[in-house]
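Spelled out from the first residue to the last, the chains are:
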Amino acid sequence: MNPTTPPAIEATGLRKAYGDKVVLDGIDLHVPRGTVFALLGPNGAGKTTTVQILSTLIRADGGEARVAGHGVAAAPQAVRAAIGVTGQFSAVDNLITGEENMALMADLHHLPRPEGRRVTAELLERFDLLEAAQKPAATYSGGMRRRLDIAMTLVGSPEVIFLDEPTTGLDPRSRHTMWQIIRDLVDGGVTVFLTTQYLEEADQLADRIAVLSGGRIVAEGTPDELKRLVPGGHVRLRFLDPAQLDRGAEVLGLGLRDDEALTLQVPGDGSVRTLRALLDVLDSARVDVDSLTVHTPDLDDVFFAVTDRPGHEKVQAR
């Protein structure tokens, strides 16, 4: 990306409150073009409020935001022309067919009829909805409705797409299908701003992740950077008999042992170098290890660690 190109989304000091309830307490965001940015947080953290502000649905009480190079407050129409939004609840009209839903969206974007028909046909094919195009959307599965919802969002060829918990309620197969759709969108140059409660989803898709808690961004970084914030990686060694367990514990001089399971849990980051050094020590002492498993901190560990921090102070990943 050209370093002079403005980011797809940038926000400084965004604030929003409803009465005495502070929802956003001065958050900053920077989302490069052509990336997936995931905003995580517990229920009520302000994820949907953030999307609503950035997509011009509601006004912030303070701060500034720009989307696709346009000021959200100063040029809301320009922002709306550059974005697509798929909310938590489907915008599909279940009483009409999938094709009619797409045609309605084409009309809302003021596309000429021939252009609207062409775009509709292309998107229905792209999202594997051609066979169901003439059926009422009420007959669609949850995954099909979600695909139709995103296809409708793409009618206007948006530069930035906001996906607010797009896979909530979907079965695992439909969720994985949705992940591939998101990857394909980004490969095509679209920027995706994703909110989700599925940490695996953020881990799979996001180039960068921000964790929102108490109205503030409490951690931000790539998935790998965030995982390094949390200690607790370990290697679990399983031995063949109690004598080998005793010998292993003696040689290593550390670890949490389980005599019943014949295991010893020792600190370790799971890297090849660490594992090789650990096994070399045991081999030199003629200690037989039956098997080992590696645990490294995941986004679940990060989420619980940073959202439980008193005062919600930000932890910057490196």
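Scroll up a little and you will see the structure.
The following refers to the structure shown. Note that the structure is predicted; figures quoted are calculated from it, not measured.

So, the layout of surface pockets
Move 1: In this structure, the largest pocket occupies an estimated 490 Å³ of space.
Move 2: The wall of the largest pocket is formed by 19 residues, among which Ile-83, Gly-84, Val-85, Met-105 and His-109 lie closest to the centre.
Move 3: Contributions of two or more residues to the lining of the largest pocket are made by helix 2 (76-82), strand 6 (83-86), helix 3 (98-108) and helix 5 (142-153).
Move 4: Top element by residues in the lining of the largest pocket is strand 6. It accounts for four residues.
Move 5: Its residues placed into classes, the lining of the largest pocket shows nine nonpolar, eight polar and two charged.

Digging into the sheet that holds strand 5 (residues 70-71)
Move 1: Here four strands make up an open sheet; going across it, the order is 2-1-4-5 and the pairing antiparallel. For this open sheet the edge positions go to strand 2 (21-31) and strand 5, each flanked by a neighbour on one side alone.

Focus on the sheet that holds strand 13 (residues 263-267)
Move 1: The four strands lie next to each other as 12-13-11-14, forming an open sheet whose pairing is antiparallel. Whereas interior strands pair on both sides, the edge strands pair on one side only; in this sheet they are strand 12 (256-258) and strand 14 (289-295). Looking at each pair of strands side by side, their axes are set apart by 20 degrees on average, direction ignored.
Move 2: When strand 11 (residues 234-239) meets strand 14, the two strands line up antiparallel, connected through six bridges. From the neighbouring strand, Arg-238 faces strand 14, where its bridge partner is Ser-291.
Move 3: Contacting strand 11, strand 12 and strand 13, helix 9 (residues 242-252) crosses the sheet at an angle of about 20 degrees to strand 13.

Quick notes on the pairing of strand 10 (residues 216-221)
Move 1: The buried fraction of strand 10 amounts to five of the six residues, a majority that puts the element mostly inside the structure.
Move 2: Sheet topology note: the strand 9 (residues 208-213)/strand 10 ladder contains five bridges and is antiparallel. When the bridges of strand 10 are listed, Leu-212 appears paired with Ile-217.
Move 3: Between strand 9 and strand 10, which pair antiparallel in sequence order, lie two residues; one of them, Gly-214, sits at a positive phi of approximately 60 degrees.

Definitions and cut-offs
- Residues numbered from 1 in each chain as written.
- Predicted model: local features only at pLDDT ≥ 70, side-chain atom pairs only at ≥ 80, totals over all residues.
- Heavy atoms only, no water.
- 1 Å grid on protein atoms, 1.4 Å probe; cavity = no way out; pocket = protein on both sides within 12 Å on 5 of 7 lines; lining within 4 Å.
- Points joined across faces, edges and corners; volume = space filled by probe spheres on them.
- Helix = DSSP H or I, 4+ residues; strand = E, 2+ residues; numbered from the N terminus.
- Nonpolar A, V, L, I, M, F, W, Y, C, P; charged D, E, K, R; others polar.
- Pairing = 2+ DSSP bridges.
- Axes fitted to C-alpha atoms, helices over the stretch in contact; angles between N-to-C directions.
- Contact = heavy atoms within 4.5 Å.
- Buried < 20%, exposed > 50% of the residue type's maximum accessible area, 1.4 Å probe, protein only.

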